[in-house]
Amino acid sequence: MLENKKVAILGTGTMGRAIAQGMLNAGVMDTDRLLGTVRTEREARDVAEQVPFPISTDNAAAARGADVLLLCTKPKHVAPLMRELGEAGALDHDPLVICIAAGVRIAEIEAAAGVAVRVVRAMPNTPCLIGEGMIVLSPGSHSGEAELDLAVSVFQPLGRVLRLDEEHMDAVTGLSGSGPAFVYVIIEALAEGGVMAGLPRRVATELAAQTVKGAARMVLETGRHPAALKDDVTTPAGCTVSALLMMEDGRLRSVLARGVQEAARSAAGLGGAPDRDQQ
Ligand SMILES: NC(=O)c1ccc[n+]([C@@H]2O[C@H](COP(=O)([O-])OP(=O)(O)OC[C@H]3O[C@@H](n4cnc5c(N)ncnc54)[C@H](OP(=O)(O)O)[C@@H]3O)[C@@H](O)[C@H]2O)c1
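This structure is a prediction, so every number in the text was calculated from the model and none was measured.

Conventions and cut-offs
Residues numbered from 1 in each chain as written. Predicted model: local features only at pLDDT ≥ 70, side-chain atom pairs only at ≥ 80, totals over all residues. Heavy atoms only, no water. Buried < 20%, exposed > 50% of the residue type's maximum accessible area, 1.4 Å probe, protein only. Helix = DSSP H or I, 4+ residues; strand = E, 2+ residues; numbered from the N terminus. Contact = heavy atoms within 4.5 Å. Domains from an automatic or database assignment. Buried area = accessible area lost by both parts, 1.4 Å probe. Salt bridge = Lys/Arg side-chain N within 4 Å of Asp/Glu carboxyl O. Polar contact = N/O pair within 3.5 Å; in protein donor to acceptor, adjacent residues only side chain to side chain. Nonpolar A, V, L, I, M, F, W, Y, C, P; charged D, E, K, R; others polar. pLDDT = per-residue confidence, 0-100. Pairing = 2+ DSSP bridges. Axes fitted to C-alpha atoms, helices over the stretch in contact; angles between N-to-C directions. Core = buried A, V, L, I, M, F, W, Y, C linked by side-chain atoms within 4.5 Å.

**With respect to helix α7 (residues 169-177)**
Piece 1. Within α7, seven of the nine residues are buried, leaving the element largely enclosed by the surrounding structure.
Piece 2. On its buried side, α7 packs onto β6 (118-123), β7 (133-139), α8 (179-196) and α12 (252-268).

Here you go:
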């Protein structure tokens, strides 16, 4: 569906670049159908040196030439940007607007546009860069199956795609949107333990990362409950159960669960709050 479609990334920061690069890596997008924008001329020059497609500061011009607009600015910039586009008539050709901002409600995006606009809200994560992202999509009030299908064609090459009602988006943000950061800390901590036990750091980091990857694939590919898979590793009176009990003493499980809950709570307050930054 993305064939021959032009895509404008409005706000080509970390996430905008990850999505753009993911689409290019997957071969579903060409550099001549892709355009990015940033806020300042200086940033445009910097970003243009890092990406293989044109970067400008003219959101309206970029939007007018595109079939799909990917809004990748911080949450507080989304409504002003939609207002700018609506007032400039840059939405009159009825592009699909996909917004990835944490905490920004579809109703906010639609209202700011000032005209009827087809919106899909998306929550991706940074592993989109290597085709291992988790992306959740929710349709706006003027979007149906065709719009969701077009959004799926943008994100499918970048990872695993789920469709959920918008009411779940803050929880999704707290779990899979923020989640890579939590997992990096876990990998770093596991590697630190390996270093403490005498492994060279490079080896310890490789062992930790592959172990997390392998365990994640076991959950996804066997469909078994994580607790059952954990039980397979815990030999009676062995070293694993001994370590697990120590981790439970440190409240590892509730710290992680409460962390996700806190990220979801925080995400819920990001939309329409000009004094707040992003996740
Ligand atoms: N990072 C993640 O892992 C992640 C995951 C899921 C969703 N998200 C969402 O993705 C969005 C972007 O996050 P990020 O981490 O990529 O942030 P980021 O690196 O700060 O990127 C945002 C970009 O948008 C630019 N921008 C701001 N106002 C603009 C405007 N009016 N027109 C064009 N460009 C504009 C910013 O420029 P300036 O720096 O000059 O302001 C910056 O280049 C956020 O809404 C976040 O909630 C992020």
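So that's the structure; there's more coming.
**Here we look at helix α6 (residues 145-155)**
Piece 1. Counting buried positions along α6 gives eight out of eleven residues, so the element sits mostly inside the fold.
Piece 2. For α6, the set of buried residues is E147, L148, L150, A151, V152, S153, V154 and F155.
Piece 3. The inward-facing, buried residues of α6 abut α1 (14-26), β4 (68-71), β5 (96-99), β6, β7 and β8 (159-163).

**With respect to the domain arrangement of the protein**
Piece 1. Structurally, the protein comprises domain 1 (7-169) and domain 2 (179-268).
Piece 2. Computed from C-alpha atoms alone, the centre-to-centre distance between domain 1 and domain 2 is 33 Å.
Piece 3. Counting residues at the interface gives seven residues for domain 1 and five residues for domain 2.
Piece 4. Here domain 1 packs against domain 2, burying approximately 380 Å² in sum over the two surfaces, 53% of which is carbon and sulfur.
Piece 5. The interface formed by domain 1 and domain 2 holds zero salt bridges in total.
Piece 6. For the interface between domain 1 and domain 2, the tally reads zero residue pairs in polar contact (both at pLDDT 80 or more).
Piece 7. By residue class, the composition of the side of domain 1 that touches domain 2 is two nonpolar, three polar and two charged.

**Digging into the confidence of the model for the protein**
A low pLDDT means the predicted coordinates there should not be read in detail.
Piece 1. For the protein, the mean per-residue pLDDT works out to 95, and 97% of the residues sit at or above 70.
Piece 2. Long-range and interchain partners of residues 273-277, a stretch whose pLDDT sits below 50, account for nine contacts in this model, where long-range means more than four residues apart.

**Describing the sheet that holds β6**
Piece 1. The eight strands lie next to each other as β3-β2-β1-β4-β5-β6-β7-β8, forming an open sheet whose pairing is mixed. With partners counted over all chains shown, the strands left at the sheet margins are β3 (55-56) and β8, one partner each.
Piece 2. Judged from the four bridges that link them, strand β1 (residues 7-10) and strand β2 (residues 34-37) form a sheet pairing that is parallel. Bridged to L10 within β2 is T37.
Piece 3. Set on the sheet, helix α5 (residues 106-113) makes contact with β5, β6 and β7; between it and β6 the angle comes to about 145 degrees.

**Quick notes on the nonpolar core**
Piece 1. One finds M23, L70, I98, L137 and F155 to be the most contacted residues of the largest nonpolar core, which totals 35 residues.
Piece 2. Broken down by secondary-structure element, the contributors of at least two residues to this core are β1, α1, α2 (41-48), β4, β5, β6, β7 and α6.
Piece 3. Examining the composition of this core, we find that six residues originate from one element, α6, more than from any other.
Piece 4. Non-local contacts of L70, meaning those with residues more than four positions away in its chain, are made with V7, A8, I9, L10, I19, M23, I98, I100, V154 and F155.
Piece 5. Of all hydrophobic cores here, the second largest spans 24 residues; its members include M82, A90, C99 and I109.

**A closer look at the pattern of salt bridges**
Piece 1. This structure, assessed with the given rule, holds 14 salt bridges.
Piece 2. Ionic pairing is found between E221 and R217, a salt bridge with its closest N-O pair at 2.7 Å. Of this pair, E221 and R217 are both found in helix α9 (residues 201-222), four residues apart, which corresponds to roughly one turn of the helix.
Piece 3. Looking at E221, the relative accessible area reads 54%, which means it is exposed.
Piece 4. D231 is the salt-bridge partner of K230, the closest N and O atoms lying 3.4 Å from each other.
Piece 5. Looking at D231, the relative accessible area reads 45%, which means it is partly exposed.
Piece 6. Connected through salt bridges with shared partners, the residues R105, R121, E166 and D170 form a single ionic network.

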